2 protein chains.
Amino acid sequence: MKVVGKRVKRIDAVSKVTGEAKYVDDMKFEGMLYAKIKRSPYPHAKILNIDTSKAEALPGVEAVITGKDFPNTTGLYMADRTVFAIDKVRYIGDAVAAVAAESEEIAEKALELIEVEYEELPALFDPIEAMKEDAPLIHENLHEYDHAVFIHPVPHTNISEHFKLRKGDVEKGFKEADYIIEDEFSVPMVHHVPLETHTAIAKMSLDGQLEVISSCQSPFAVRQLLGHVFDIPLNKITVKAEYIGGGFGGKAGLQIEPMVVALAMTVPGRYIRLTYTREEEFQAAVNRQGLRAKYKSGVRKDGKIVAQEITYIWDAGAYNDYGVNIVKTAGYSCSGPYEIENVKADSYCVYTNHPVGCAYRGFGMCEIHWGIEQHMDNIAEKLGLSPVEIRKINGLKDGSLTVTNERLQDVGYIKCVERVAELLELDKKDAPSKPYKVRGKGIAGAYKGPSTPPAAASSAIIYLLEDGTVNLQVSATDIGQGSHTALAQIAAEELGIDVDKIHVSVPNTDYTPYEWQTVGSRTTYSTGNAVIRAARDLKRQLLEYAAEDFNVNIEDLYIEDGFIYSKKDKNLKKDIKDYALGLVYSDGSGRGGPVIGKGIFIPEGVTNLDPETGQGRPVNHWTFGVHGAEVEVDLETGEVDVIKMVSVFDVGRVINPDTCEGQLEGGLIQGMGTALMEEMILKDGKLLNPSFVDYKIPTAMDCPEIITEFVETPLKDGPYGARGIGEPAMIPAAPAIANAVYDAIGVRITSLPITAEKVLKAIKEKRANEEKEKNNK
Amino acid sequence: MKVVGKRVKRIDAVSKVTGEAKYVDDMKFEGMLYAKIKRSPYPHAKILNIDTSKAEALPGVEAVITGKDFPNTTGLYMADRTVFAIDKVRYIGDAVAAVAAESEEIAEKALELIEVEYEELPALFDPIEAMKEDAPLIHENLHEYDHAVFIHPVPHTNISEHFKLRKGDVEKGFKEADYIIEDEFSVPMVHHVPLETHTAIAKMSLDGQLEVISSCQSPFAVRQLLGHVFDIPLNKITVKAEYIGGGFGGKAGLQIEPMVVALAMTVPGRYIRLTYTREEEFQAAVNRQGLRAKYKSGVRKDGKIVAQEITYIWDAGAYNDYGVNIVKTAGYSCSGPYEIENVKADSYCVYTNHPVGCAYRGFGMCEIHWGIEQHMDNIAEKLGLSPVEIRKINGLKDGSLTVTNERLQDVGYIKCVERVAELLELDKKDAPSKPYKVRGKGIAGAYKGPSTPPAAASSAIIYLLEDGTVNLQVSATDIGQGSHTALAQIAAEELGIDVDKIHVSVPNTDYTPYEWQTVGSRTTYSTGNAVIRAARDLKRQLLEYAAEDFNVNIEDLYIEDGFIYSKKDKNLKKDIKDYALGLVYSDGSGRGGPVIGKGIFIPEGVTNLDPETGQGRPVNHWTFGVHGAEVEVDLETGEVDVIKMVSVFDVGRVINPDTCEGQLEGGLIQGMGTALMEEMILKDGKLLNPSFVDYKIPTAMDCPEIITEFVETPLKDGPYGARGIGEPAMIPAAPAIANAVYDAIGVRITSLPITAEKVLKAIKEKRANEEKEKNNK
């Protein structure tokens, strides 16, 4: 390999480092209007009346719109919301009206002039309460909605999804077990915290062409859903996504775009920009769902888990479009990277009057592995096994059957477990830095399949230019992960040219070919495969021309360094650029035309899951890996310092070590943030910490020593064997830290985050218990 | 046909009529700088020194550059110029330096501060003088230049091209003739007069990506030539062409772009705009070359022309990049739409110190037909034949041999001649509106082949969207001719969907596929063919999916109104959108991927021409047609009023009657402008009329009654048989008017334009001669 596997500099490095990269909220257009959103102060209330007349009368206000103006429903997996709330508001921050004005100041003033009359309703903040049969309904009229792109069964209670996983005979399994071990864990809502808040610009031209420039992950999903919401044919919609200041799932599907598009349709001919303030971003944009998880495992003395019963109850907030699918994903991945013969799992997606849940790096996997991986350590401890041993005994291996009875091959999980233990020196206890501190080490594993529903197709176009350089067209967004660099490397490798000769265009739905979404760790895998196919299609054409030109067999020809060579005739050498516009004969006549490579890809093998048992093949492949952590706990304050983190993942094939390591490092640190700091503190539905002052995320100063390594067990249909790594890289960080904390102080923190308060309280309780036990003796 | 041949509304109608369409000179970017060009006041001079220090010191000036900073040469057909003049200036208006400043005012002030020391040289304004062996050379160092995309032999005299056409034995032919008829005609330089002057915006990003937004006809030619001029790989260059306010050939190839790009490279990170003032446009932008034409025809008594000797001497101005190719085109089309057994023609492209010649609607054909078609009428008069008869006898027909010995088929010329004579009632003399006026009628024919050199390839991409609408990608520019509408119709017809379901994207070299140039009446033909192929490629994929889906033969399936039907099974009906992302089976698994149609096209059959005889096949096909005019001449003032114009062209197939008629009407009126009004009045190289006050073009008020009709002799490889019409529509307008003037007053005006002064002078001379003859009798 000449390019794949090399540390190629990110193609967007200079523009990002110099600040030249324009993000959506840097963009201004002549005559642009500014949008602001009027939001609900109540978690649950009837809207009795909205009076916009005073706001409309304010000079500089160009439009004031409410839900009634655009009653169509929207949703990617389930249509459960309208552009603005119409009859009811369902969380604090729910949008009820929007203003477009000549300045942000006027727009804000207009918001104050909009008078909304509410009638408060009893609100539900606990999903377990909300699940009860007699709980008031948060959505009463879902059956009236339509226009879902994916049809999800209409819920008639506050449970929007109940995913059932049934493998083997769980009762029989528990009977065979020597021990039954039960645990409960919980995860609060956390926020994506993209550095660029949600921003979108829209313009409806006078001839009916809608242009949207959005800080979004998936321009094609935005286009498709906008088409549904507003009944606009897709050829009349253009969605552009250029530089994006972070997504992490929170900019997947359709987010704030319909609100600004509704304004654009009201004031055609003007650009309108909607940019969330940081406070709005925290309160009103989407977040990661809360989870209550229960595990009951039946284990044999030899360490083998023979039965497992799991309950996942998700606090998915006021709208569950994305939630229903996350909950399903958690269901079919319920036991983590382990082979268990008998499994019963129930995963519930529940409406509450909390802010709206959405995809978040890991798509439910961070949340469930928080419990799974601590539960594994608890089982190991019970049996007197090490964390490595319990994972080696139960871990998924070649030939294993997953919880959906998929037979696996090429599984590198155990290798990752072993290597992390080695790199972390798991068995070695390091001395603490102070006498009042203690150290501990822990590991945690994870698996995750990339999201690959039937529409999850990719495509790529490669144009060979007249000088032998190429333009690569894809619609995957580079939201920071460096995927455009990896895709350029793949194209360069296939074409036999230098990566510098490849230009990757930013997505624009008018121009770049279809891509489902940039989510689910699927870009390098799915788009990468499309790029390979496009490159091979282009190469084939070039070799055909050369074979005709020189009257040789196509099989004897190959491309290297931008030239076509013959294996048999050393004198045959032709610059690929000479065929860029087809074949020109010596008499001046020509044949063919411009050389364009086309590649399309849709993952094969995925099937529908049985609605009663969840059995089937939900994803095309799985990525496995392990994080390890060494922590130091201050016994006087309860503070946890992460000293070192180790990560080994089986990525199938490393396309670019720099960006691949970047994914692991980013995942570790983001995971560490959720482990130690991050939590949306909600009181009666109100977010108490909607700012960086009160909602902490890790900074460079918080980063521990990091060691990363890769295992490479090639994936059969991955590009050069590559597997998705974006999300998996984050998943086991928090449980690894929790296991390390347990190792240090013998106390298990079951609810995220592991705050100093919780740790100190747990230490004190533990000491009190020890005292009590001592006294009892 | 459901869409082709229908009066479909132009797809850009609303945006143009409402003024929403943004032209390049409407565009502003944050922090944009303004460029201005310092120009030579001398027609021919050495540059001794340029002192830019004072200009550089002016606050607000960001860059001052001269020729020495960017010494590479540029050219599409012949590299004979640098970005700015370096050692010499060669015409009044030649660019010597450029400024980029924070405002236009500062830039203009800076121009005044640039001090250029010149040493005047003897200047050449008459091409016949310039051709002389002892004439001073306008270009001394062409042999040092390189980097031409198309290699033209390096001229060592002021003759940059001498195209030789030798068919048969012209001496023998003259011996067989009963009469020898000789004529001379001349054509002055005229200007394209686009409503939008030349404008281009450039930015060189900090990571080396060059972006150019230009009011240009051919973004791919701009990209390729910029790559050459500045040694930039093509994948690092983006050229965008959106709405274009007229081109007519003057925005073909590379025009003002290198000057603004040179500034952009000097001040990276800033957008810089260069917009010509109207005066600059007239003086310094390109124009249509001047021509001196001599015809000597040997004619038999029966009207058959048996020999013809032609000399074309072109005043191509100071730089002849485009000129050499126009002169070649005139050479291989030298005799017009007539079959003559023995032809000898010499077409000379000559450097003078006049403004720069370039492509202009017709590419030399307007200029040569001005003489050819008057010469034909002179021959007819000599033999006592009617204008129709002389053309029927000699006109090209099925089986005719052209001057390059190409055997023609499917020629509709004579039909056009007959139909124009009929519609104009050529034999009927109408009464004048005033006693001091006289009326006359005239016709003129024309032929023109579309420009189809080996690189003249086209391509198209069609994306099928998820709702069954489509996005069509082409890089042909719609410079006003309505081609995007015609291409949408072709795609709609092929795909079996409504034209409203098709979105045509504006060209952007990053995204849209290769297109050589939007010149030479080639778009509907060449790009149209690429669109047909892309549509068929897309359809094939859909039908393959349907055949597999329903387990039927692909041959039994067809697409209509966006649905796939079976010829055999009436129940089989499938929306094409259902396969937009590939084939999804009932178990949820999928195959294929996004449906993308690709079409590439390069005209076949064109060959190199023999350098000694000009024999070969220069173009893929020819378009024939005839204009007729009725005029009224004021005998007291010499003023010519065009009362009526008639046009009948063989377009092979009318794709859209509205836009096709628009081409004929536009061609007639632009031709009428050159016939009666337009002329660049040059005195010692200085343009005396660089404004709309002194350079008149026809307005709506000047338009006569117009009748247009089409003959449809399908072209074998044309899209539905269509031939190019953009340029041909203009060619015979001026000679038709001249022939009508002759018919009215018996006086032949041999030099364009037919001004009142010339007519009155000719009338007076004629009267004087008649008096003299009467007196002599």
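In the annotation of an unreviewed UniProt entry, chain A is listed under the name Xanthine dehydrogenase and assigned to Anoxybacter fermentans.

Chemist: Just checking my understanding: could you explain the UniProt feature "domain: Aldehyde oxidase/xanthine dehydrogenase a/b hammerhead" (unreviewed entry) in chain A for this structure?
Modeler: Listed under "domain: Aldehyde oxidase/xanthine dehydrogenase a/b hammerhead" (unreviewed entry) in the UniProt record, and renumbered for this structure, are residues 18-122 of chain A. Structurally, residues 18-122 of chain A is divided into 14% helix and 37% strand, and its ends, taken at the C-alpha atoms, are 52 Å apart.

Chemist: Is there a simple way to explain the sheet that holds strand β34 (residues 705-711) of chain B in this structure?
Modeler: Backbone hydrogen bonds hold the strands of a sheet together, and the pairing may be parallel or antiparallel. Residue and element names in this part refer to chain B. Taken in spatial order, the four strands make up an open sheet running β20-β30-β31-β34, and their pairing is mixed. One side of each edge strand has no neighbouring strand; the edge strands of this open sheet are β20 (437-448) and β34. Strand-to-strand twist of the sheet, defined as the mean angle between neighbouring strand axes without regard to direction, takes the value 15°. Pairing analysis gives seven bridges linking strand β31 (residues 640-650) to β34, with the strands arranged parallel. Within the sheet, the bridge partner assigned to Asp-650 lies in β34 and is Val-711.

Chemist: What is the right way to look at the relation of the copies chain A and chain B in this model?
Modeler: Two copies of the chain are present, and they differ by a rotation about an axis and a shift along that axis. Screw-axis analysis of chain A against chain B gives a translation of 0.0 Å along the axis, an RMSD of 0.1 Å, and a rotation angle of 180°. These values place the two chain copies in the arrangement generated by a two-fold rotation axis. By C-alpha distance to the rotation axis, the residue of chain A lying nearest is Tyr-511 of chain A, at 2.9 Å. In this assembly, 100% of the residues forming the interface of chain A have copies in chain B that are likewise at the interface, indicating an isologous arrangement.

Chemist: What should I look at first to understand helix α16 (residues 733-745) of chain A in this one?
Modeler: All names here are of chain A. Taking 1.5 Å of rise per residue, 13 residues should cover 18 Å, and α16 covers 18 Å from first to last C-alpha, within 8% of that figure. The element α16 is extensively covered by neighbouring structure, given that 13 of its 13 residues are classed as buried. Backbone geometry just after α16 places Gly-746 at a positive phi near 70°.

Chemist: Could you clarify how one ought to interpret the packing of helix α15 (residues 657-676) of chain B against helix α16 (residues 733-745) of chain B in this entry?
Modeler: Packed helix pairs are characterised by how far apart their axes lie and by the angle those axes make with each other. All names here are of chain B. Orientation of α15 relative to α16, taken along the N-to-C sense of each, is 60°, at an axis distance of 7 Å. For the element pair α15 / α16, the angle class is oblique. Like other packed secondary-structure pairs, α15 and α16 cross with a definite hand, here right-handed. From α15, Gly-667, Leu-668, Gly-671, Met-672, Thr-674 and Ala-675 reach across to α16, where they touch Ala-733, Ala-734, Ile-737 and Ala-738. Grouping the constituent residues of the contact of α15 with α16 by class yields seven nonpolar, three polar and no charged.

Chemist: Before we go on, may I ask you to explain the environment of Pro-153 of chain A in this structure?
Modeler: Residues and elements named next belong to chain A. Within the element layout of this structure, Pro-153 appears in the loop between α4 (127-131) and β9 (159-167). On the basis of neighbour count, Pro-153 is assigned to the exposed category, with 11 C-beta atoms found within 10 Å. Put simply, Pro-153 and His-143 are ten residues apart on the chain and 9.3 Å apart in space, counted from C-alpha to C-alpha.

Chemist: Is there a simple way to think about the packing of helix α10 (residues 365-383) of chain B against helix α11 (residues 387-394) of chain B in this case?
Modeler: Residues and elements named next belong to chain B. Where α10 meets α11, the closest approach of the two axes is 9 Å, and the angle between their N-to-C directions is 105°. Between α10 and α11, the crossing angle belongs to the class labelled roughly perpendicular. Along its contact with α10, which presents Met-376, Asp-377, Ile-379 and Ala-380, the element α11 presents Pro-387, Glu-389, Ile-390 and Arg-391.

Chemist: What exactly am I supposed to notice about the sheet that holds strand β3 (residues 61-66) of chain A here?
Modeler: Residues and elements named next belong to chain A. As summarised here, the arrangement of the seven strands in space is β3-β7-β1-β15-β12-β13-β14, forming an open sheet in which the pairing is mixed. Both edges of this open sheet fall to β3 and β14 (237-240), since each of them pairs with a single strand only. Direction aside, the axes of adjacent strands within the sheet are offset by 20° on average. Direction of pairing for strand β1 (residues 33-39) relative to strand β15 (residues 272-275): parallel, over a ladder of two bridges. Residue Tyr-34 lies in a different strand from β15, and its bridge partner there is Arg-273.

Chemist: Looking at this structure, I do not really get the pairing of strand β2 (residues 45-51) of chain B. What am I missing?
Modeler: Every other side chain in a regular strand lies on the same face of the sheet, so the side chains alternate between the two faces. Residues and elements named next belong to chain B. Both β2 and strand β6 (residues 88-89) contribute to a ladder of two bridges, which runs antiparallel. Looking at β6, one finds that Ala-45 is bridged to Val-89. Looking at chain direction, β2 and strand β8 (residues 115-120) are connected through six bridges and run antiparallel. Its bridge partner being in β8, Ala-45 is matched across the sheet by Glu-120.

Chemist: What is the right way to read the domain arrangement of chain A from this model?
Modeler: Residues and elements named next belong to chain A. Each assigned domain of chain A is listed with its residue range as follows: domain 1 (26-121 + 198-275), domain 2 (287-405 + 412-452 + 607-768) and domain 3 (455-601). Centre-to-centre, using C-alpha coordinates, domain 1 lies 40 Å away from domain 3. Secondary structure elements with two or more residues in the side of domain 1 that touches domain 3: α6 (219-230) and β14. Its residues assigned to classes, the side of domain 1 that touches domain 3 shows seven nonpolar, six polar and three charged.

Chemist: Help me understand the confidence of the model for chain A in this model?
Modeler: Parts of the model with low pLDDT should not have their predicted coordinates read in detail. Within chain A, residue pLDDT values average 96, and 99% of them lie at 70 or more. Here the predicted complex carries an ipTM of 0.95, next to a pTM of 0.96.

The rules behind the values
Residues numbered from 1 in each chain as written. Chains lettered and ligands numbered in written order. Predicted model: local features only at pLDDT ≥ 70, side-chain atom pairs only at ≥ 80, totals over all residues. UniProt positions renumbered as here; feature names shortened; annotations may be inferred. Helix = DSSP H or I, 4+ residues; strand = E, 2+ residues; numbered from the N terminus. Pairing = 2+ DSSP bridges. Axes fitted to C-alpha atoms, helices over the stretch in contact; angles between N-to-C directions. Least-squares fit on C-alpha atoms with pLDDT ≥ 70 in both. Contact = placed C-beta atoms within 7 Å. Expected span 1.5 Å × (residues − 1). Buried ≥ 20, exposed ≤ 12 C-beta atoms within 10 Å, placed from the backbone. Parallel < 35°, antiparallel > 145°, perpendicular 65-115°, else oblique. Left-handed = near helix turned anticlockwise from the far one by under 90°. Nonpolar A, V, L, I, M, F, W, Y, C, P; charged D, E, K, R; others polar. Domains from an automatic or database assignment. pLDDT = per-residue confidence, 0-100.

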